[in-house]
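Architecture and fold: a report
Here are the chains, one letter per residue:
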Amino acid sequence: KQGQLINDIADLPTIEGDANRLTQILTNLVSNAIKFTDKGSILLRGETLGTSHVRIQVVDTGLGIPQDKLSNIWGAFDQVDIATTRKYGGTGLGLTLVRGLVEAHGGSVDVTSHFGSNDSGTTFTITLPLSQTATALRESPKVAESERDEDDDDDEQP
């Protein structure tokens, strides 16, 4: 294989979450990019979105994924086709885990791809909140409020 791995995510703020799981997300995506890119490049790109989120992309110039197969890649044990499985191996669990772990961190993951052309390749985009606590409070203020009320009750003396 001939290619270049370019890391452009060095200046992102710290993401609050499970460091091992966040590492697993990126490892799975980069491993897939390496597996399906015989020549060309793999780019890790990151940017801050306002004050609350980051966007991380894994962009490759590999085979790409046919448009009619894009929705199938997230299922457990699903791969694009049998020939791909035979040639490249794998269990078909990597992207299922990626989606589950990203969503468990309050984020989202999307994919775009070009298949069978000179500009073939795939881009996985992960959007994650910087703070899990802030996201939970924004999404569910009533729950957070009732939890604070319950905590206050514990402190009261009879």
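**Re helix 1 (residues 19-36)**
- In a regular helix each residue adds 1.5 Å, so 18 residues correspond to 26 Å; helix 1 covers 26 Å between its end C-alpha atoms and thus fits that length.
- Among the residues of helix 1, Leu22, Ile25, Asn28, Leu29, Val30, Asn32 and Ala33 are the ones counted as buried.
- On the buried face of helix 1, the contacting elements are strand 2 (41-49), strand 3 (53-60), helix 3 (94-104) and strand 5 (121-129).
- By the N-cap criterion, in which a side-chain oxygen at the helix start approaches the backbone nitrogen of a residue two or three places on, helix 1 is capped by Asp18, the distance to Asn20 being 3.0 Å.

**A closer look at the confidence of the model for the chain**
- Confidence in the prediction for the chain averages 79 pLDDT; 72% of positions are at 70 or higher.
- Note that residues 137-158 has pLDDT below 50 and, in this model, 4 contacts with residues that lie over four places away or in other chains.

**Focus on the pairing of strand 2**
- Of the pairings in the sheet, the one linking strand 1 (residues 4-8) to strand 2 comprises 5 bridges and is parallel in character. Pairing of Asn7 across the sheet is with Leu44, part of strand 2.
- Handedness of the crossover is the feature at issue here: the chain leaves strand 1, passes through helix 1, returns alongside strand 2, and the resulting connection is left-handed.
- By the bridge criterion, 8 bridges tie strand 2 to strand 3 in an arrangement that is antiparallel. Within strand 3, the position partnered with Arg45 by the bridge is Gln57.

**Things to note about the layout of surface pockets**
- When its volume is computed, the second largest pocket comes out at roughly 150 Å³.
- Ile15, Ala19, Leu22, Thr23, Ile25, Leu26, Ile56, Ile126 and Leu128 are the residues that line the second largest pocket.
- Among the elements of the structure, helix 1 and strand 5 are those that each provide at least two residues to the lining of the second largest pocket.
- Ranked by residue count, the leading element in the lining of the second largest pocket is helix 1, at 5 residues.

**Considering the nonpolar core**
- Formed by 26 residues in total, the largest nonpolar core has its most connected members in Ile25 and Leu29.
- If we skip the residues at most four places from it in the chain, Ile25 touches Val98, Leu101, Val102 and Ile126.

**Quick word on the sheet that holds strand 5**
- The mixed open sheet is built from 5 strands, whose spatial order is 1-2-3-5-4. On the outer flanks of this sheet lie strand 1 and strand 4 (108-114), each paired with one strand and no other. Adjacent strand axes in the sheet meet at a mean angle of 15 degrees, parallel and antiparallel pairs treated alike.
- With 8 bridges joining them, strand 3 and strand 5 adopt antiparallel strand pairing.

**Focus: the packing of helix 1 against helix 3**
- The contact between helix 1 and helix 3 brings their axes to 9 Å, and the two run at 145 degrees. Both helix 1 and helix 3 take part in a crossing whose hand is left-handed. Contacts between helix 1 and helix 3 pair Arg21, Gln24, Ile25, Asn28, Leu29 and Asn32 from the former with Gly94, Leu95, Leu97, Val98, Leu101 and Val102 from the latter.
- Here the residues of the contact of helix 1 with helix 3 are counted per class, giving 7 nonpolar, 4 polar and 1 charged.

What counts, and at which threshold
Residues numbered from 1 in each chain as written. Predicted model: local features only at pLDDT ≥ 70, side-chain atom pairs only at ≥ 80, totals over all residues. Heavy atoms only, no water. Helix = DSSP H or I, 4+ residues; strand = E, 2+ residues; numbered from the N terminus. Expected span 1.5 Å × (residues − 1). Buried < 20%, exposed > 50% of the residue type's maximum accessible area, 1.4 Å probe, protein only. Contact = heavy atoms within 4.5 Å. Polar contact = N/O pair within 3.5 Å; in protein donor to acceptor, adjacent residues only side chain to side chain. pLDDT = per-residue confidence, 0-100. Pairing = 2+ DSSP bridges. Right-handed = clockwise from strand over helix to strand, strands pointing away. 1 Å grid on protein atoms, 1.4 Å probe; cavity = no way out; pocket = protein on both sides within 12 Å on 5 of 7 lines; lining within 4 Å. Points joined across faces, edges and corners; volume = space filled by probe spheres on them. Core = buried A, V, L, I, M, F, W, Y, C linked by side-chain atoms within 4.5 Å. Axes fitted to C-alpha atoms, helices over the stretch in contact; angles between N-to-C directions. Left-handed = near helix turned anticlockwise from the far one by under 90°. Nonpolar A, V, L, I, M, F, W, Y, C, P; charged D, E, K, R; others polar.

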